[in-house]
Amino acid sequence: MTAPVRVSSPDTRWTPGDPDELALRIRLRAVRMVAPQGFGYLGQALSAAEQVASLFATARPGIDRLVCSPGHYVIAPFAAAAELGLLDDDLVSGYGHNGSPIEAIGTERSPVVDYTCGSLGQGLSAAAGFALSDRFRGSTARTYALVSDGEMEEGQVWEAAIFAAHFGLDRLTVLLDANNSQVDGPVDTITTLEPIAEKWAAFGWHVQDVDGHDTAALAEAIAAANAESGRPSVVVCRTSTMHGLDCLPPGTDGHFIKLPPELAEAALAELTTKLEARHA
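Residues numbered from 1 in each chain as written. Predicted model: local features only at pLDDT ≥ 70, side-chain atom pairs only at ≥ 80, totals over all residues. Heavy atoms only, no water.

> So what exactly am I meant to see when it comes to the pattern of salt bridges here?
It is possible for side chains of opposite charge to pair when their charged atoms get near one another. Under the counting rule described, the total for this entry stands at 16 salt bridges. One salt bridge in this structure joins aspartate 134 and arginine 65, with 2.9 Å as the shortest N-O distance. Within this pair, whereas aspartate 134 is found in helix H5 (residues 123-136), its partner arginine 65 is found in strand E2 (residues 65-70), the two being separated by 69 residues in sequence. By relative accessible area, which is 1% here, aspartate 134 ends up buried. Two residues, glutamate 103 and arginine 109, come together in a salt bridge whose shortest N-O distance is 3.5 Å. Each of Asp18, Glu21, Arg25, Arg29, Glu83, Asp89 and Arg278 takes part in one network of salt bridges that share partners. (Salt bridge = Lys/Arg side-chain N within 4 Å of Asp/Glu carboxyl O. Helix = DSSP H or I, 4+ residues; strand = E, 2+ residues; numbered from the N terminus. Buried < 20%, exposed > 50% of the residue type's maximum accessible area, 1.4 Å probe, protein only.)

> Sorry, what's going on with empty space enclosed by the protein here?
If you roll a probe as big as a water molecule over the atoms, it shows you where there is empty space left. What the rule picks out here adds up to two cavities of 30 Å³ or more. Computed from the structure, the second largest cavity encloses a volume of approximately 30 Å³. Val52, Leu55, Leu66, Val67, Cys68, Pro77 and Leu146 together form the lining of the second largest cavity. Those elements that place two or more of their residues in the lining of the second largest cavity are helix H2 (42-58) and E2. In terms of residues, the lining of the second largest cavity owes the most to one element, E2, which gives three residues. Residues of the lining of the second largest cavity, tallied by class, amount to seven nonpolar, no polar and no charged. (1 Å grid on protein atoms, 1.4 Å probe; cavity = no way out; pocket = protein on both sides within 12 Å on 5 of 7 lines; lining within 4 Å. Points joined across faces, edges and corners; volume = space filled by probe spheres on them. Nonpolar A, V, L, I, M, F, W, Y, C, P; charged D, E, K, R; others polar.)

> I keep staring at the pairing of strand E5 (residues 172-178) and nothing clicks. Help me out?
Looking along a regular strand, one sees side chains alternate from face to face of the sheet. Most of E5 is tucked away: seven of the seven residues are buried. In E5, alternate side chains face the same way, and those of Leu172, Val174, Leu176 and Ala178 on one face and Thr173, Leu175 and Asp177 on the other are all buried. Of the strand pairs in this sheet, strand E4 (residues 143-148) and E5 are connected by six bridges, and their pairing is parallel. Bridged to leucine 146 within E5 is leucine 175. Sheet topology note: the E5/strand E7 (residues 233-238) ladder contains six bridges and is parallel. Considered in E7, the bridge of threonine 173 is made with serine 233. (Pairing = 2+ DSSP bridges.)

> Explain H5 here, please?
In an α-helix, one turn spans 3.6 residues; hence positions three or four apart end up facing the same way. Given a rise of 1.5 Å per residue, 14 residues ought to cover 20 Å, and the 20 Å separating the end C-alpha atoms of H5 matches this to within 8%. Buried residues of H5: Gly123, Leu124, Ala126, Ala127, Ala128, Phe130, Ala131, Leu132 and Asp134, and no others. Check the buried side of H5 and you find it contacts E2, strand E3 (115-117), E4, helix H6 (155-166), E5 and helix H8 (196-202). Count one or two residues on from H5 and you reach glycine 138, which has phi positive near 75°. (Expected span 1.5 Å × (residues − 1). Contact = heavy atoms within 4.5 Å.)

> What is the right way to read the pairing of E4 from this model?
In terms of burial, E4 is largely enclosed, as six of its six residues are buried. Alternating positions in E4 separate into two faces, Thr143, Ala145 and Val147 on one and Tyr144, Leu146 and Ser148 on the other, with burial throughout. Taken together, the four bridges between E2 and E4 define a ladder with parallel strand orientation. Note that in E4 the partner of arginine 65 across the bridge is threonine 143. Note on the crossover from E4 through H6 to E5: the handedness is right-handed. (Right-handed = clockwise from strand over helix to strand, strands pointing away.)

> Is there a simple way to explain the packing of H2 against helix H9 (residues 215-227) in this structure?
Angle between the axes and distance between the axes are the two parameters that describe a pair of packed helices. Look at H2 against H9: their axes get within 10 Å of each other, and the N-to-C directions meet at 50°. Regarding the angle of H2 to H9, the classification is oblique. Relative to H9, H2 is oriented so that their crossing is right-handed. Residues Glu50, Gln51, Ser54, Leu55 and Thr58 of H2 lie in contact with H9, whose contacting residues are Thr215, Leu218, Ile222 and Asn226. Looking at side-chain class alone, the contact of H2 with H9 contains three nonpolar, five polar and one charged residues. (Axes fitted to C-alpha atoms, helices over the stretch in contact; angles between N-to-C directions. Parallel < 35°, antiparallel > 145°, perpendicular 65-115°, else oblique. Left-handed = near helix turned anticlockwise from the far one by under 90°.)

And the structure:
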């Protein structure tokens with residue numbers, strides 16, 4: 001089988017267009033991906049859609065790197081790639097099926113991203129390694145890493161943060177999805193993470209704290225991170241695992257959303273109507 005196109009492919013070209021529309025399309029595509037099974041990591045796509053859309057609008061194809069640290073978040077890059085023609089629909093339709101390269105939790109063979117991991121907390125180490133190796137090679141590549149707030153409970157994240165700051169890896173930018181959601185419940189009921197921004201600043205990072213569903217704010221923050229010199233950057237993105245899908249019942253478990261047929265139909269109808277309204 002022909003390998004799917006990767007973001008790092010020199011031949012890759014995409015036209016993201018309006019990031020707000022791409023975020024909407026990511027949500028719609030993600031619903032289609034999980035609907036056949038009736039459950040899945042839809043909440044991660046809902047919370048990270050604008051971040052992923054903004055990264056696809058920023059990253060230079062064939063040059064920059066995209067790390068998706070939490071493996072279950074890979075649904076969002078998969079959905080974006082499908083919408084931009086980087087993944088065949090036939091491949092994406094196999095999302096989460098046995099034997100499919102489009103797995104529900106990313107692995108070393110996952111397309112689109114340059115690195116992802118099922119074990120939480122390891123992605124930032126890989127991203128820092130990419131950034132340092134690119135410096136040694138004289139490359140102008142930037143590394144963008146999508147990290148979740150729950151991963152801040154892992155010590156390896158902070159070891160990598162110390163490492164990146166020590167080496168002044170200013171071509172490394174983390175988008176931290178602060179959606180306050182993990183498998184055991186709201187993150188703040190498991191471990192106190194706040195003050196998140198101040199903690200990263202104390203570790204020597206350039207920090208910005210933004211609405212993670214505001215693409216204009218994200219674009220400005222990513223531009224500021226790219227202009228930063230001498231230290232890595234983190235954009236703390238405040239988000240919700242239910243954002244952009246009003247039909248979800250109150251109290252829905254955003255970490256692993258159950259989507260029975262009637263709810264899937266309602267979600268598809270809602271998002272399709274929103275997309276059509278943008279072109280009315």
